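Summary of structural features
What follows is the residue order along each chain.
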Amino acid sequence: MGTTVVIFGASGDLASRLLYPALLRLEELDLLDDVHLVGTALEDWSEQRFLEHLEESLADDHPDAKALATLKRRFVYRSGDLTQASIAELAPLVSDMNVHYLALPPGLFPKAACAIAESGITQHGHHHLVVEKPFGIDGASAAELEEELHLHWNEDQIFRIDHFLGKETVQNLSVMRFANRVIEPLLCADHVDQVQITVAETLGVEGRYRYYDGIGALRDMIQNHLVQLFCLAAMDPPAVWDADVLRDHKVEVLRSVRCSADVSEWAARGQYTAGTVAGESVTGYLDEPGIDAASITETFAAVRLQVDSWRWQGVPFYLRSGKRLGTALSEIAFRFREPPTRLFTETALAEAEPNWLVFRLDQPEGIDLFVQTRAPGLEMKAEQSRMHADYGSDTAGVTAYQQLLLDVLEGDHTPFLRVDEVDWAWRVLDPVLDAWQTGRPEPYAAGSSGPASQADILLDGHAWRPLS
Ligand code: BG6
């Protein structure tokens, strides 16, 4: 009987921008096999009207005509609200395997999860529930949400999406670390002196002010996406590639984070003012439409996390993310210590730069290892060489959502968050949220590298990597 995927919120932004294009690509790759798709939303649309909406959503994706026609044939649309009665009407569409994708505002997750379970449609077949971040706005609200989800759903049935975990480079981080003898043994305090994880965006809030104001960069990016990258960069190698073992190791990282009670020592925040990004003048955050003129929401956040483990003792992990910065850049960068002896002190090689191993998440995706080499010529002079693994062109068409949808269909929990990961991520960052309830973020000009105070959280001798 195949698999049925029910998309709740089928007329919404998430479905149109991310899910439909991902489903189309999977269709083009012939990966949907016997998947049935059900779109449901409040709109009182006919099937035809929904299919027009689907097609409009895919207009920029240059769909292959045959794949689009097949995708349309897979879909049925049912208008409905999130009441048991209306969900019960979906009963004839249920298969052996069912995925209920809540492409809804997060405030509706408990209501939808409860109504689906109580509608009776989950009595036959297997049922999975897909939810997207944000999972709460702090530890307490996340715990409340989880309690409500767990009233009707087992942890094994819940797939919590953090779309960064579907990104090619993020998946490759684990392969590079654990499938290569030459990398993994070097990633520890003996050899690495700091790790910098940056997700810098040139975009502003882009009309998402209702969601963003009051949320800010720490909750929107650091607590989920960057903390996940941090866990994957810092975790010990699992003994087997298994979703639970992997997630145990990630939780272990979070449980070993130690930070001082004085949050200002390890966290910095900023808010963009008017400036120029990519040659265009842009307004400041407080002047963006819909933003409260007195808002203290941070559009830039940076933290230094210390991991109290044998592997990482004394090595700071710096995480930063901001909007309206001068350059869009996403990377995980390990900086290595200097060689133990300096053989070339009498020569220009004494000026050698440290080694960096950099995983680039944005296009073109790839991995760079910066090493010192002898500059050709008669003088003993160093130059920095970049050893580059480029798989950007192969990944250009693959989105994180394609990968994650496929994993949901296969029931593979590996790239999804377990409840305790969410909980521990909040435990690490709740003190920052508390501290930031008062005071103001430091202003930084749009198009710059962010607030100057981000440097205050660095250990002596460390500097942020340039954003370019
Ligand atoms: C989202 C955030 O989760 O991730 C956005 O809510 C952010 O604010 C986006 O822009 C970044 O994702 P990507 O895939 O565009 O790097």
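Heads up: the structure comes first, above all this text.
Residues numbered from 1 in each chain as written. Predicted model: local features only at pLDDT ≥ 70, side-chain atom pairs only at ≥ 80, totals over all residues. Heavy atoms only, no water.

With that settled, the discussion passes to the sheet that holds strand β4 (residues 97–102). As summarised here, the arrangement of the 6 strands in space is β3-β2-β1-β4-β5-β6, forming an open sheet in which the pairing is parallel. The open sheet is flanked by β3 (75–79) and β6 (158–161), the only strands paired with a single partner. Neighbour-to-neighbour, the strand axes of the sheet open up by a mean angle of 20°, direction not taken into account. (Pairing = 2+ DSSP bridges. Helix = DSSP H or I, 4+ residues; strand = E, 2+ residues; numbered from the N terminus. Axes fitted to C-alpha atoms, helices over the stretch in contact; angles between N-to-C directions.)

Take the site of the ligand next. Taken together, Lys133, His163, Phe164, Lys167, Glu201, Arg208, Asp220, Met221, His225 and Lys323 form the complete shell of residues around the ligand. At a separation of 2.8 Å, an oxygen atom of the ligand approaches a polar side-chain atom of Arg208. His225 has a polar side-chain atom sitting 2.7 Å from an oxygen atom of the ligand. Computed on the free molecule, the ligand has an accessible area of 400 Å², of which 72% lies beneath the protein chains in the complex. Residue composition of the shell around the ligand, grouped by class: 2 nonpolar, 2 polar and 6 charged. (Near = heavy atom within 4 Å. Polar contact = N/O pair within 3.5 Å; in protein donor to acceptor, adjacent residues only side chain to side chain. Areas by Shrake-Rupley, 256 points an atom, 1.4 Å probe, with all protein chains shown as cover. Nonpolar A, V, L, I, M, F, W, Y, C, P; charged D, E, K, R; others polar.)

Our next topic: empty space enclosed by the protein. Using the criterion set out here, one finds 2 cavities of 30 Å³ or more in the structure. The wall of the largest cavity is formed by Phe8, Thr40, Arg78, Ser79, Gly80, Asp81, Leu82, Ser86, Ile87, Glu89 and Leu90. Its volume calculated, the second largest cavity comes out at about 40 Å³. Every residue along the wall of the second largest cavity is listed here: Phe135, Gln223, Asn224, Gln228, Leu417, Glu421, Val422 and Ala425. Those elements giving two or more residues to the lining of the second largest cavity turn out to be α9 (216–234) and α13 (419–435). (1 Å grid on protein atoms, 1.4 Å probe; cavity = no way out; pocket = protein on both sides within 12 Å on 5 of 7 lines; lining within 4 Å. Points joined across faces, edges and corners; volume = space filled by probe spheres on them.)

Glancing now at helix α7 (residues 168–178). Among the residues of α7, Thr169, Val170, Asn172, Leu173, Ser174, Met176 and Arg177 are the ones counted as buried. Where α7 is buried, its residues touch α9, β14 (329–336), β15 (356–360) and β16 (366–374). (Buried < 20%, exposed > 50% of the residue type's maximum accessible area, 1.4 Å probe, protein only. Contact = heavy atoms within 4.5 Å.)

Further remarks concern the layout of surface pockets. For the second largest pocket, the calculated volume is near 410 Å³. In this structure, the second largest pocket is lined by 19 residues; those nearest its centre are Val182, Leu186, Phe336, Asn355 and Leu369. Elements supplying a minimum of two residues to the lining of the second largest pocket: β16 and β17 (382–390). Counting residues per element, the lining of the second largest pocket draws most heavily on β17, which supplies 3 residues.

A separate point is the packing of aromatic side chains. Scanning the entire structure with this criterion turns up 14 aromatic pairs. Where Tyr20 meets Phe50, the ring centres are 6.2 Å apart and the plane angle is 80°; that geometry is what we call edge-to-face. Of the two residues, Tyr20 sits in helix α1 (residues 13–28) while Phe50 sits in helix α2 (residues 47–57), which places them 30 residues apart along the sequence. On the basis of relative accessibility, which here comes to 0%, the residue Tyr20 falls in the buried class. The class for Phe50 is buried, based on a relative accessible area of 0%. An aromatic cluster is defined as three or more aromatic residues linked by ring pairs; in this entry it consists of Tyr20, Trp45, Phe50, Phe75 and Tyr77. The cationic tip of Arg49 hangs over the ring face of Trp45; the distance from NZ or CZ to the ring centre is 4.8 Å. (Phe/Tyr/Trp six-rings, centres within 6.5 Å; stacked < 30°, edge-to-face > 60°. Lys NZ or Arg CZ within 6 Å of the ring centre and 35° of its normal.)

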